[in-house]
Amino acid sequence: MAPGDPLAGTYARTAVTGGSDWNLRFDGGAYEMGGSLGFSYVEGDSARILSLQQSSARYFQRPDQDYLQIDSSRTALTGYQGSLYVRKNSGRHWLWNAFFSFESPDFELNDLGRLSTTDDVAGFATVAYRETKPGSLFQSWEVSLSSENLFNTNLDRKFGAIRTDASLTWRNFWRTNLTAWVDVRGQSTTLTRGGPSMKTALSRVVIGSLSNNFGASTSWRARVYYGTNELDGLTYRLSGSLTFRPAPRWEFSISPNYLRDIEPRQYVATLAGAPTATFGQRYVFARINRSTWLARLRVNFAVTPDLTVELYAEPFAASGRYDSHGELAAAGDFALRSYGRDGTTIAQETDNSYTVTDGPDSFTLPFLDFNIRSFRSNMVLRWEWRPGSTLFLVWQQDRSSFEERGDMVRPFSLFDAVTSGGDNFFAVKLTYWLAVN
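Structure report, in brief. (Residues numbered from 1 in each chain as written. Predicted model: local features only at pLDDT ≥ 70, side-chain atom pairs only at ≥ 80, totals over all residues. Heavy atoms only, no water.)

## Some details on the overall build of the protein chain
Across its full length, the protein chain carries two helices and 23 strands. When the backbone C-alpha atoms are referred to their principal axes, the protein chain occupies close to 75 × 65 × 60 Å. Summarising the internal contacts of the protein chain: among those between residues at least 6 apart in sequence, 56% fall at separations of at least 24. Counting 44 positive and 45 negative side-chain charges, the protein chain places the averaged centre of each group 9 Å from the other. (Helix = DSSP H or I, 4+ residues; strand = E, 2+ residues; numbered from the N terminus. Contact = heavy atoms within 4.5 Å. Lys, Arg positive; Asp, Glu negative; His and termini not counted. Charge placed at Lys NZ, Arg CZ, Asp CG, Glu CD.)

Written out as structure tokens, the structure is:
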């Protein structure tokens, strides 16, 4: 991208990255050590480099930190990363591993791949005990304990968790998996979208699943996820799958999924005019009550070995309702100054937006409730009419609808998705094998 180009503020002029990794094994592969080192270099117009400093991967503009400096005159970013791990790969009972990694704040790979955040120092360790010799109750079993920790390069804790897992294979080859973990409090540098850091709540999660023998003609799996946090947040998910083969030519599968999620700290907006405790900005949050239903369906039918029909369909319905609006009370905390209290008022207007008054100040918040339906499907007919020569006929649907209402979706909402407006796509593909003697 040449200087002065209209797109110079959008794209980098030069982006270079490189790295190396290494791996050592000992005692016939029972023990392993490895790691990596890498770098990145991005150069371009100062407007482009400024946008990278302010992007959600970095947020150098955060007002409550003093170890990163945003510079609107910079024309390049140079970053680095590294990792180191050691682990025990084999053994009758005990296995373990430990992992450490870091990324500098200036690290940037998004011209080549995907990098969601930088400025990370991570550490992970786990120890597991397993029994692979069949017993009276289990064919095999394993339990593990893990610790996960994530800091920024200023060594402020971003995330921490203690987790335990158990995997049990019964004598009839049914399988049970159990997981429980606790997320400790941390400091998020992304919740305020470039504002000060915000405390994350202590949370607890349990997960359980049960499945039968995977090789059975009819296989199934059921899973329950349940989580809460100290701010009265709630997440529970019911999911599963069922696959059956009524005849050698037929295969059916369905994977339903239901999610109910109450998030007490959902970002809404950033507005000017707050006290110095939040650096003169109002960081507005609300509670969001979400519900989601979806199902993935597959049908495969082999008319002959050379002629098959495959069908995939995914109806989807989701909703979200916002309430309990308020603004961050102080940097580094998760407490909100709730609107409608402490000398403030909040009222919903005829267009569903909210008007908030705070002393002499008045401002408007958008109405963000949503109700979404979608239906995506494709059907493929495949005919190999001669060896190496194949005809494909494809029919794809993409239907969706959106409404500004937050009432919870129900299982029958999936049928509404099928009747929503959308697009149909048809394609024909032909391959022909040229035999050359």
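## Observations concerning the layout of surface pockets
Considered as a void within the structure, the largest pocket measures approximately 740 Å³ in volume. What lines the largest pocket is a set of 35 residues, and nearest its centre among them are D183, T200, A201, S203 and E263. Sorting the residues of the lining of the largest pocket by element identifies β7 (157-170), β8 (175-183), β9 (186-188), β10 (198-200), β11 (203-211), β12 (218-229), β13 (234-244) and β14 (250-272) as the ones contributing at least two each. Its residues placed into classes, the lining of the largest pocket shows 14 nonpolar, 13 polar and eight charged. Listed by contribution, the elements that provide at least two residues to the lining of the second largest pocket are β8, β12 and β13. (1 Å grid on protein atoms, 1.4 Å probe; cavity = no way out; pocket = protein on both sides within 12 Å on 5 of 7 lines; lining within 4 Å. Points joined across faces, edges and corners; volume = space filled by probe spheres on them. Nonpolar A, V, L, I, M, F, W, Y, C, P; charged D, E, K, R; others polar.)

## Looking at helix α1 (residues 46-54)
Among the residues making up α1, those that are buried are R48, I49, L52 and Q53. The buried residues of α1 occupy one face: seen down the axis, they fall within an arc of 145°. Buried residues along α1 sit in contact with β2 (31-43) and β3 (76-88). Capping of α1 at its N-terminal end is provided by D45; its side-chain oxygen lies 2.9 Å from the backbone amide nitrogen of A47. (Buried < 20%, exposed > 50% of the residue type's maximum accessible area, 1.4 Å probe, protein only. Arc of directions from axis to C-beta. Polar contact = N/O pair within 3.5 Å; in protein donor to acceptor, adjacent residues only side chain to side chain.)

## Details of the pattern of salt bridges
Pairing between side chains of opposite charge can happen when the charged atoms of each approach one another. Following the criterion strictly, the structure yields 20 salt bridges and no others. Here E230 and R185 are joined by a salt bridge, their closest N and O atoms 2.6 Å apart. Residue E230 is found in the loop between β12 and β13, and its partner R185 is found in the loop between β8 and β9; the two are separated by 45 residues along the sequence. Here D361 makes a salt bridge to R282, at a shortest N to O gap of 3.3 Å. (Salt bridge = Lys/Arg side-chain N within 4 Å of Asp/Glu carboxyl O.)

## Notes on the pairing of strand β15 (residues 281-304)
As defined by bridge partners, β14 adjoins β15 across 20 bridges and the pair is classed as antiparallel. Considered in β15, the bridge of W250 is made with F301. Bridge count between β15 and strand β16 (residues 307-328): 17 bridges; the pairing is antiparallel. Opposite F285, over in β16, you have G326 as the bridge partner. Hairpin connection of β15 to β16: two residues between the antiparallel strands. (Pairing = 2+ DSSP bridges.)

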